[in-house]
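In case you want the letters, here they are:
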Amino acid sequence: MNIYAKRVTTMNKKTIAIIFGGVSSEHDISCISAKSIIKNMNYDKYNVVLIGITKDGKWYIYNDNVDLLPEDKWTLSPNIVPAFICPDAGVHGIITSNGDIIRLDVAFPVLHGKNGEDGTIQGLLQLAQIPYVGCDATSSGVCMDKAVANAVADAFDIPQAKWCAISEYEYRINGEEALKTAEDKLGYPIFVKPANAGSSVGISKAHNIDELKNAMEVAFREDKKAVLEEFIDGHEVECAVMGNNIPVAGEVGEIVAAAEFYDFDAKYNNPQSELHIPALIPEEKRAEVKELAVKAFKALGCEGMSRVDFFVRKSDDKVLLNEINTIPGQTDISMYPKLFEAVGVSYKSLIENLIEFAIQRGGKI
């Protein structure tokens, strides 16, 4: 599928830039998500421009078959032109190495993880005053940093697992005391996560002090701050939310991980991981999850879209916030579009709604 074969520039069509790839451990997943979105765009309403970012941070306009996006085959195409989004609000779009200017109505960042969900690309688009899909720079940064997000959730009385955060600087100076404090507060097993990373990259489950020390090193390879959380024996459920001032929740889904926990490999490479829509919990508990998902969405300043993840603890059915993903996966097996499909919102309609939310908010944030 070559999207440019379908591109007809008319006055009544909006020009949408799909931004994919990026300098992130989730680069490859981003390319797959972008392919799914592109194939579900309404080309009667939109002209689509593809902006690919390589793993080393080079930007290109891509004008070729979208089936080449996975495995970075797109980077080998002769139909790529160096280009970038200009921060000058007067340009309001893309400048290419050929000197062409493409004015954009909306940008759709499909950049999972760092440099996509952390507010960086959102800050650029805000400077350019280009409306874009998803959360703004502030809420993106807050949700990306698990320690900050947890602190905000605590402030809004949103229940979650017990947790603490340790910076690498603090750990190198006084690691033994920091870990002892964590052990006393959380007990074993302890989940250790990089504060800023996506898709379960760098996460470990520690059952003793030796594993805990190793888990800290794994986390610090991804970020300069680690978040430690108590283990919750429960259902892992996810709720899709979309909207601006009046967000709505989709269905609640559940993950049954093939591995000991739902790490990167279990998400994307292990076919034994199971997705259940609706989740395998009572209807009234799903309603509680939806209510808390919208509350968390608002509390952390989200707009446009987010997927809000929870645990439902088996011992007492307590619903506990896990994390918020501001650019959820859009692959064929991703929960976010499936959770809205389950309540009657098709993938094509979902994309149109997300673009409309971006237009409603506008480019001046």
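Right, let's walk through the structure included here. Computed from a predicted structure; not experimentally measured.

## Observations regarding the packing of helix H3 (residues 137-144) against helix H4 (residues 146-155)
One way to put it is that H3 packs onto H4 with a least axis distance of 5 Å and a crossing angle of 100 degrees. In this view, H3 runs roughly perpendicular relative to H4, as classed from their interaxial angle. In contact with Val 142, Cys 143 and Met 144 of H3, H4 contributes Lys 146, Val 148, Ala 149 and Val 152. Residue classes in the contact of H3 with H4 are distributed as six nonpolar, no polar and one charged.

## Examining the environment of Ile 351
Here Ile 351 is to be found in helix H10 (residues 347-361). In the structure, Ile 351 is positioned 314 residues away from Ile 37 in sequence and 7.5 Å away in space, judged by C-alpha atoms. In this structure Ile 351 touches Ile 37, Asn 40, Met 41 and Phe 108, once residues within four positions along its chain are discounted.

## With respect to the side chain of Glu 251
Structurally, Glu 251 is set in strand S13 (residues 248-256). What makes Glu 251 buried here is its relative accessible area of 11%. Of the polar contacts made by the side chain of Glu 251, one reaches the side chain of Arg 286; its length is 3.3 Å. Apart from residues no more than four positions distant in its own chain, Glu 251 is found in contact with Glu 238, Cys 239, Ala 240, Ile 277, Pro 278, Arg 286, Lys 290, Leu 339, Ala 342 and Val 343.

## Observations regarding the packing of helix H5 (residues 168-186) against helix H6 (residues 209-220)
With their axes 11 Å apart at the nearest point, H5 and H6 run at an angle of 140 degrees to one another. On the basis of the axis angle, H5 is oblique to H6. Along this stretch, H5 crosses H6, giving a crossing that reads as right-handed. For the pair formed by H5 and H6, the contact residues are Glu 168, Tyr 171, Arg 172, Glu 176, Leu 179 and Glu 183 on the first element and Ile 209, Leu 212, Lys 213, Met 216, Glu 217 and Phe 220 on the second. For the contact of H5 with H6, the class distribution of residues is six nonpolar, no polar and six charged.

## Concerning the packing of aromatic side chains
Going through the model one piece at a time under the given rule, you end up with six aromatic pairs. Ring plane angle 75 degrees and centroid distance 5.9 Å describe the contact between Tyr 62 and Trp 74, whose orientation is recorded as edge-to-face. In this pair, Tyr 62 sits in strand S3 (residues 59-62) while Trp 74 sits in the loop between S3 and strand S4 (80-85), placing the two residues 12 residues apart along the sequence. Looking at Tyr 62, the relative accessible area reads 0%, which means it is buried. Linked through ring pairs, Phe 20, Tyr 60, Tyr 62 and Trp 74 together constitute an aromatic cluster.

Quick notes on the rules
- Residues numbered from 1 in each chain as written.
- Predicted model: local features only at pLDDT ≥ 70, side-chain atom pairs only at ≥ 80, totals over all residues.
- Heavy atoms only, no water.
- Axes fitted to C-alpha atoms, helices over the stretch in contact; angles between N-to-C directions.
- Helix = DSSP H or I, 4+ residues; strand = E, 2+ residues; numbered from the N terminus.
- Parallel < 35°, antiparallel > 145°, perpendicular 65-115°, else oblique.
- Contact = heavy atoms within 4.5 Å.
- Nonpolar A, V, L, I, M, F, W, Y, C, P; charged D, E, K, R; others polar.
- Buried < 20%, exposed > 50% of the residue type's maximum accessible area, 1.4 Å probe, protein only.
- Polar contact = N/O pair within 3.5 Å; in protein donor to acceptor, adjacent residues only side chain to side chain.
- Left-handed = near helix turned anticlockwise from the far one by under 90°.
- Phe/Tyr/Trp six-rings, centres within 6.5 Å; stacked < 30°, edge-to-face > 60°.

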